Amino acid sequence: DQQVKQNSPSLSVQEGRISILNCDYTNSMFDYFLWYKKYPAEGPTFLISISSIKDKNEDGRFTVFLNKSAKHLSLHIVPSQPGDSAVYFCAASVGGGSNYKLTFGKGTLLTVNP
Amino acid sequence: ETGVTQTPRHLVMGMTNKKSLKCEQHLGHNAMYWYKQSAKKPLELMFVYNFKEQTENNSVPSRFSPECPNSSHLFLHLHTLQPEDSALYLCASSRPRDWAYNEQFFGPGTRLTVL
C-alpha cells in the first residue's frame, strides 16, 4: 500500500514555462514533506521541504504548496530550465526530526525542452 | 572528500558470492541509512543507524547484514543474494535535531546486479 503517490511518471515542459509536479499522500499523520531531485548516476539531492503548519514554502524558482485537506502537495518550478531535467521524488515523514523514516513516492521524470 | 560517498559504484555478483558495500559520510551526521531502489518502485528504507545503534530494520531478509562501526561509516554485507535483489542501493545520512527536520543527504549509490 503506497502512502505517497506520484501519479505522473513523466512530465515534459518548455524552457521558461512553469513545471508543476504533484504528489498525493494517504497517511494523515505525515507532518513533514520533502522534494528530492535525482540526476542519472547520482543520488537524490534535497531540494525543498515544508512542514504541515505551513501551506507554502518558497526558495528561489522552487515553491512547494501543501493542501492538507486534500492530502496533496505540489512543486512549482518557474521558470523551468533545461538543467532542471531530472527525476523528482516526493517524500513524507511523521514527527519531523524525531522520526528518521522517510516514505518516498516513485518519482516523476521532468524533461525541460530548450 | 565531502558529502556521502559509496563504493563500489557498480557490482556484479553470483548468488553464492559474499560482498560488501561501503558508505562513508563526511558531514558530521549521526544517523545513517540504507535504501533500496528497484526499477519502477519507490525508494525502500532498509536499515537506520543512529549513533551507531540500529534503530530500524524494515523487515529486510537476513542475507543483507548491516554494520555501523562508527557514525561516519556504514557497511552492507551481502551473501547468497537472489537475482531479484538486483537494484540500486543508496546510502544516506542526516542529523536529526529536536524538532528540526530530517533532510537526508544521499550518496551516488551502488548498482548491484546478481546473476
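Below is a summary of the structure that appears in this document. In this text the structure is predicted, and so the values were computed from the model without any measurement.

Calculation rules
What you see as residue numbers is a count from 1 along each chain, following the sequence as written. For this description, chains carry letters from A and ligands carry numbers from 1, given in the order in which they are written. A pLDDT threshold of at least 70 governs which residues receive local features in this predicted model, and a stricter bar of 80 or more applies before side-chain atom pairs are shown or counted, although totals over entire chains, interfaces and linings include all residues. Water and hydrogen atoms were dropped before computing side-chain values, which therefore reflect all heavy atoms in the structure. Runs of E in the DSSP output that reach at least two residues are strands. Runs of H or I that reach at least four are helices, and both are numbered from the N terminus. The globule rule used for comparison is 2.2 Å times the number of residues to the exponent 0.38, while the radius of gyration itself is calculated over C-alpha atoms. Think of it in three bands: with a 1.4 Å probe and only protein chains considered, a residue is buried below 20% of the maximum accessible area for its type, exposed above 50%, and partly exposed in between. We call two residues contacting when some pair of their heavy atoms lies within 4.5 Å. Accessible surface area values rest on a Shrake-Rupley calculation with a 1.4 Å probe, where residue burial reflects the displayed protein chains alone. Under the convention used here, Asp and Glu are negative, Lys and Arg are positive, and both His and the chain ends fall outside the count. Where a charge lies is defined by one atom per residue type, namely NZ (Lys), CZ (Arg), CG (Asp) and CD (Glu). By nonpolar core is meant a set of buried Ala, Val, Leu, Ile, Met, Phe, Trp, Tyr and Cys residues that side-chain atoms within 4.5 Å join together. Two rings belonging to Phe, Tyr or Trp (six-membered ring only in the last case) form a pair when the distance between their centres is within 6.5 Å. Interplanar angles under 30 degrees mark stacking, angles over 60 mark edge-to-face geometry, and anything in between is tilted. By definition, the buried area sums, over both parts, the 1.4 Å-probe accessible area that each loses when the two are put together. Salt bridge, as used here: a side-chain nitrogen of Lys or Arg that lies within 4 Å of a carboxyl oxygen of Asp or Glu. Here the nonpolar group is Ala, Val, Leu, Ile, Met, Phe, Trp, Tyr, Cys and Pro; Asp, Glu, Lys and Arg are the charged ones; every other residue, Gly included, is treated as polar.

Counting secondary structure elements, chain B contains zero helices and 11 strands. In chain B, the succession of helices and strands from N to C terminus is β-β-β-β-β-β-β-β-β-β-β. Whereas a compact globule of 115 residues would reach a radius of gyration of roughly 13 Å, chain B reaches 14 Å, a difference of no more than 12%. Once the C-alpha set of chain B is aligned to its principal axes, its extents read approximately 45 × 30 × 25 Å. Of all 115 residues assigned to chain B, the portion counted as buried reaches 48%. Taking the contacts inside chain B whose residues are at least 6 apart along the sequence as the reference set, 53% of them involve residues at least 24 apart. Total accessible area computed for chain B in this model is approximately 5700 Å², and 49% of it derives from carbon and sulfur atoms. The averaged location of the 10 negative side-chain charges in chain B is 7 Å from the averaged location of its 12 positive side-chain charges.

Ranked by size, the top nonpolar core spans 23 residues in total, and within it Phe33, Trp35, Leu73, Leu75 and Tyr88 of chain A carry the most contacts. For this core, the element with the most residues is strand β9 (residues 86–93) of chain A, which contributes four residues. Among the nonpolar cores identified, the runner-up in size contains 22 residues, and Met46, Cys68, Leu81 and Cys91 of chain B belong to it.

With that out of the way, let us pick up the packing of aromatic side chains. Per the counting criterion, the structure on display carries 12 aromatic pairs over all chains. With a centroid separation of 6.4 Å and 80 degrees between ring planes, the pair formed by phenylalanine 30 of chain A and phenylalanine 33 of chain A is classed as edge-to-face. Overall, the relative accessible area of 6% leaves phenylalanine 30 of chain A in the buried class. Ring geometry for tyrosine 36 of chain A against phenylalanine 106 of chain B: centres 5.5 Å apart, planes inclined by 90 degrees, an arrangement best described as edge-to-face. Of this pair, tyrosine 36 of chain A sits in strand β4 (residues 32–38) while phenylalanine 106 of chain B sits in strand β10 (residues 105–106), each in a different chain. Each of the two residues, tyrosine 36 of chain A as well as phenylalanine 106 of chain B, counts as buried.

Right, let's talk about the interface of chain B and chain A for a bit. With 27 residues of chain B in contact, the opposing surface of chain A contributes 23 residues. Together chain B and chain A conceal approximately 2000 Å² of surface at their shared face, both sides included; 62% is due to carbon and sulfur atoms. Put simply, chain B and chain A have zero salt bridges between them. Tallied by class, the residues present in the side of chain B that touches chain A amount to 14 nonpolar, seven polar and six charged.

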